[in-house]
Amino acid sequence: MAGAEEPKPFKWVGGHLSLDFNNTVDWKGLEPGAGEYLTDYGRLVAWGHEAGVLSERDRDALLRTWGEQPALGRRILEKAWSARTTMHRVFLGTITGTPDLGAELPAINALLYEAPGQLACEASGRSCEWVWSSCEDDAACMIWPVVRAASQLLTSPQLADVKTCANGRCGWLFLDTSRKHNRKWCEMGVCGNRAKARRYYDRRKRQAEGG
Ligand SMILES: [Zn+2]
């Protein structure tokens, strides 16, 4: 199923499950699909595994399901894209006031209602942890922990630390946990350097024009 190009490695710069999920597409990529990390259902499953929401067993089972039911995989991929857009708009609403948060929330609530009751308590040594039970009946099972994590962040004091990358063409989100609370970029090496190069270019241009 892989295309001609190697898939882009996932980035983990958001500092939170739901923000890392937001950062699986370059939001203002020039061509549709050009900046997409979740290019097919297999990549969505791989992301879920790397993010820690799918066990190895679940990952392998879901990939088998995908092999048998490619159309189902495609439907779930589209659902994941749509959930990602919903969460993106809601977080932007909290950061910039645009779009209007109140108008966006019904879409995220619809996702929360849709999430099946799959959360269970499981023993981990002598303590317990919340786990999302089997993916056997639900090939969309990597989406629900992300939606739940987003709703938890939206209702927590940590929401004040959610920022959007200062590169207006990026759209990635991150938790700013820096001591001075002055993190500007999703990645200094990518968006920060681009901005630096841009400033250098503008300065040289002004100098050349005698400014
Ligand atoms: Zn960025």
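Residues numbered from 1 in each chain as written. Predicted model: local features only at pLDDT ≥ 70, side-chain atom pairs only at ≥ 80, totals over all residues.

**Student:** I'm lost on the overall build of the chain in this one. Help?
**Tutor:** Looking only at helices and strands, one finds 7 helices and 4 strands in the chain. For the chain, the N- to C-terminal ordering of α and β elements is α-α-α-α-α-β-β-α-β-β-α. Oriented by its inertia axes, the alpha-carbon framework of the chain measures out at about 70 × 45 × 40 Å. Sorting the 211 residues of the chain into buried and exposed places 26% on the buried side. (Helix = DSSP H or I, 4+ residues; strand = E, 2+ residues; numbered from the N terminus. Buried ≥ 20, exposed ≤ 12 C-beta atoms within 10 Å, placed from the backbone.)

**Student:** Please clarify how the packing of helix 4 (residues 70-96) against helix 5 (residues 101-114) should be interpreted in this entry.
**Tutor:** Helix-helix packing is characterised by the crossing angle of the two axes and by the distance between the axes. Look at helix 4 against helix 5: their axes get within 9 Å of each other, and the N-to-C directions meet at 145 degrees. The two elements helix 4 and helix 5 cross, and the hand of that crossing is left-handed. Contacts between helix 4 and helix 5 involve Ala83, Thr86, Met87, Arg89, Val90, Gly93 and Thr94 from the first element and Leu101, Glu104, Leu105, Ala107, Ile108 and Leu111 from the second. Looking at the contact of helix 4 with helix 5 residue by residue, the classes come out as 8 nonpolar, 3 polar and 2 charged. (Axes fitted to C-alpha atoms, helices over the stretch in contact; angles between N-to-C directions. Left-handed = near helix turned anticlockwise from the far one by under 90°. Contact = placed C-beta atoms within 7 Å. Nonpolar A, V, L, I, M, F, W, Y, C, P; charged D, E, K, R; others polar.)

**Student:** So what exactly am I meant to see when it comes to the environment of Thr94 here?
**Tutor:** Positionally, Thr94 belongs in helix 4. With 14 C-beta atoms counted inside 10 Å, the residue Thr94 sits in the partly exposed group. With near-sequence residues (within four places) excluded, Thr94 lies in contact with Leu101, Leu154, Leu159 and Val162.

**Student:** What is the right way to look at helix 5 in this model?
**Tutor:** Since one α-helical turn is 3.6 residues long, residues separated by three or four positions face the same way. Along its 14 residues, helix 5 runs 20 Å from first to last C-alpha, staying within 8% of the 20 Å computed at 1.5 Å per residue. Burial analysis of helix 5 places just 1 of its 14 residues in the buried class, which makes it a mostly uncovered element. (Expected span 1.5 Å × (residues − 1).)

**Student:** What is the right way to read the nonpolar core from this model?
**Tutor:** As a rule of thumb, soluble globular proteins bury nonpolar side chains together. The biggest cluster of nonpolar side chains holds 40 residues, and the ones touching the most others in it are Leu44, Val45, Ala80, Met142, Ile143 and Val147. Looking at this core, the elements that each hand over two or more residues are helix 1 (17-22), helix 2 (41-50), helix 3 (56-68), helix 4, helix 6 (143-154) and strand 4 (173-175). Element by element, the count of residues in this core is highest for helix 4, at 8 residues. With residues up to four places along the chain from it excluded, the contact list for Leu44 reads Leu38, Leu77, Ala80 and Met142. (Core = buried A, V, L, I, M, F, W, Y, C linked by C-beta atoms within 7 Å.)

**Student:** Looking at this structure, I do not really get the environment of Cys141. What am I missing?
**Tutor:** As for its placement among the helices and strands, Cys141 is situated in the loop between strand 2 (127-132) and helix 6. On the basis of neighbour counts, which here come to 23 C-beta atoms within 10 Å, the residue Cys141 falls in the buried class. Taking C-alpha positions, Cys141 is 8.7 Å from Pro116, a pair spaced 25 residues apart along the chain.

**Student:** Where do I start with the packing of helix 2 against helix 3 in this structure?
**Tutor:** It is at 10 Å that the axes of helix 2 and helix 3 come closest, and there the two elements cross at 175 degrees. Considering the angle they form, helix 2 stands roughly antiparallel to helix 3. Across the interface between the two elements, Tyr41, Gly42, Val45 and His49 of helix 2 pack against Glu56, Arg59, Leu62, Leu63 and Trp66 of helix 3. Residues that form the contact of helix 2 with helix 3 fall into these classes: 5 nonpolar, 2 polar and 2 charged. (Parallel < 35°, antiparallel > 145°, perpendicular 65-115°, else oblique.)

**Student:** Would you take a moment to explain the pairing of strand 2 for this structure?
**Tutor:** Successive residues of a regular strand alternate their side chains across the two faces of the sheet. Two elements, strand 1 (residues 119-124) and strand 2, share 6 bridges in a ladder whose sense is antiparallel. Pairing of Ala123 across the sheet is with Cys128, part of strand 2. Hairpin connection, strand 1 to strand 2: the antiparallel pair is bridged by 2 residues, and Gly125 has positive phi, about 65 degrees. (Pairing = 2+ DSSP bridges.)

**Student:** Explanation requested: helix 2 in the structure shown.
**Tutor:** Where burial is concerned, most of helix 2 is hidden: 7 out of the 10 residues are buried. Taken residue by residue, helix 2 has Tyr41, Arg43, Leu44, Val45, Ala46, Trp47 and Gly48 as its buried positions. For helix 2, the elements touching its buried residues are helix 3 and helix 4. Looking at the residues trailing helix 2, positive phi occurs at Gly52, about 90 degrees.

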